[in-house]
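Structure assessment
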Amino acid sequence: MRGASPLNEATGWGAFMDAVVYDLLASAIKIPRLTVSAWHDLLAPAEKSPDCPSDWREASTWIAVRGAVGWHRRVQAGLERLDWPSIQAEWHAVSGFTWDPWGLGVAAHHASRSSLEAEFSRYMHHPIRPSGALWAFVATPLVTKWPSIQGLPAVVQLDHVLRSLNPPPKIPLGQHFWNAWQEWIQEPEPEADTPLSSLYPFELLARWERSLRTSEMTEDAARGTLVEQLSWW
């Protein structure tokens, strides 16, 4: 239930995306329609030089980066729709962990606030691994009395909070959450180093977004200079 595969050290977070992200791009993005291997190949120069778009020599790389950044913006919109900051603020108010919300953002891109609870088990096992943020998001509104969690590792904080919950007598919606919760509390307390972060490449996508924005500003300035020269002539 809690198990999660560790990051692939060969391709992991130094500069490169986890392989699962290429699968998500291939399945989620219709334009451009690319295979998993094509996403990998076209994005390779941008992964190697995320802050130096002059190294992205192929037009197809630029198209792929723009497609990935557009997807990232849609994921971010889904996260904003759920009002994640208010959830995080409640954890901060009790000295709780700062959660990585981006896996939840991927799930939110495909679901509404009302359906996340009902489809909890499916999103719990989403390949982007939104486990920690998804648990925190669904559990937080149900907490009536926060347990003491200050200074504890993230997974232990979450464990204490989940064990403080009481299921309602009748569960018309969200039965998948309570089924998963029941499995969780029947297991021993998790190891402190159990990973609860997602595989979402936020840092890399944010750098690409900045590079695109900078390049567009440079292009606009160049076009403005050209117009001035043409007017003068």
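Residues numbered from 1 in each chain as written. Predicted model: local features only at pLDDT ≥ 70, side-chain atom pairs only at ≥ 80, totals over all residues. Heavy atoms only, no water.

**Describing unusual backbone geometry**
Note that the residue after Ile-31, namely Pro-32, is joined by a cis bond; omega there is 0°. Considering the arrangement of structural elements, one finds Pro-32 in the loop between α1 (19-28) and α2 (36-48). A positive phi angle is found at Asp-83, which is not glycine, with a value near 60°. Its place among the elements puts Asp-83 in the loop between α3 (59-81) and α4 (84-93). Its relative accessible area of 40% is what places Asp-83 among the partly exposed residues. (Helix = DSSP H or I, 4+ residues; strand = E, 2+ residues; numbered from the N terminus. Buried < 20%, exposed > 50% of the residue type's maximum accessible area, 1.4 Å probe, protein only.)

**Examining the pattern of salt bridges**
As enumerated under the stated definition, the model contains 4 salt bridges in all. Measuring nitrogen to oxygen at the nearest pair gives 2.6 Å for the salt bridge that ties Arg-207 to Asp-51. With Arg-207 in helix α11 (residues 202-232) and Asp-51 in the loop between α2 and α3, the pair connects residues that are 156 residues apart, well separated along the chain. For Asp-51, a relative accessible area of 48% puts it in the partly exposed group. For Glu-119, the salt bridge is made with Arg-122, and the minimal N-O distance between the two is 2.5 Å. (Salt bridge = Lys/Arg side-chain N within 4 Å of Asp/Glu carboxyl O.)

**A few points about the environment of Ser-198**
Position of Ser-198 among the secondary structure elements: in the loop between α10 (175-186) and α11. Since its relative accessible area comes to 4%, Ser-198 is described here as buried. When the C-alpha positions of Ser-198 and Trp-102 are compared, they lie 6.6 Å apart, and in sequence the two are 96 residues distant. Apart from the residues lying within four places of it in its own chain, the contact partners of Ser-198 are Asp-100, Trp-102, Gly-103, Ile-128 and Arg-129. Within polar-contact distance, the side chain of Ser-198 engages the side chain of Asp-100 at 3.2 Å. Reaching out from Ser-198, the side chain makes a polar contact with the backbone nitrogen of Tyr-200 at a distance of 3.1 Å. (Contact = heavy atoms within 4.5 Å. Polar contact = N/O pair within 3.5 Å; in protein donor to acceptor, adjacent residues only side chain to side chain.)

**Structural notes on the packing of α1 against α2**
Their axes nearest at 9 Å, the elements α1 and α2 cross at an angle of 115°. The handedness of the crossing between α1 and α2 is right-handed. Where α1 approaches α2, its residues Tyr-22, Asp-23, Leu-25 and Ala-26 are matched on the opposing element by Val-36, Trp-39, His-40, Leu-43 and Glu-47. (Axes fitted to C-alpha atoms, helices over the stretch in contact; angles between N-to-C directions. Left-handed = near helix turned anticlockwise from the far one by under 90°.)

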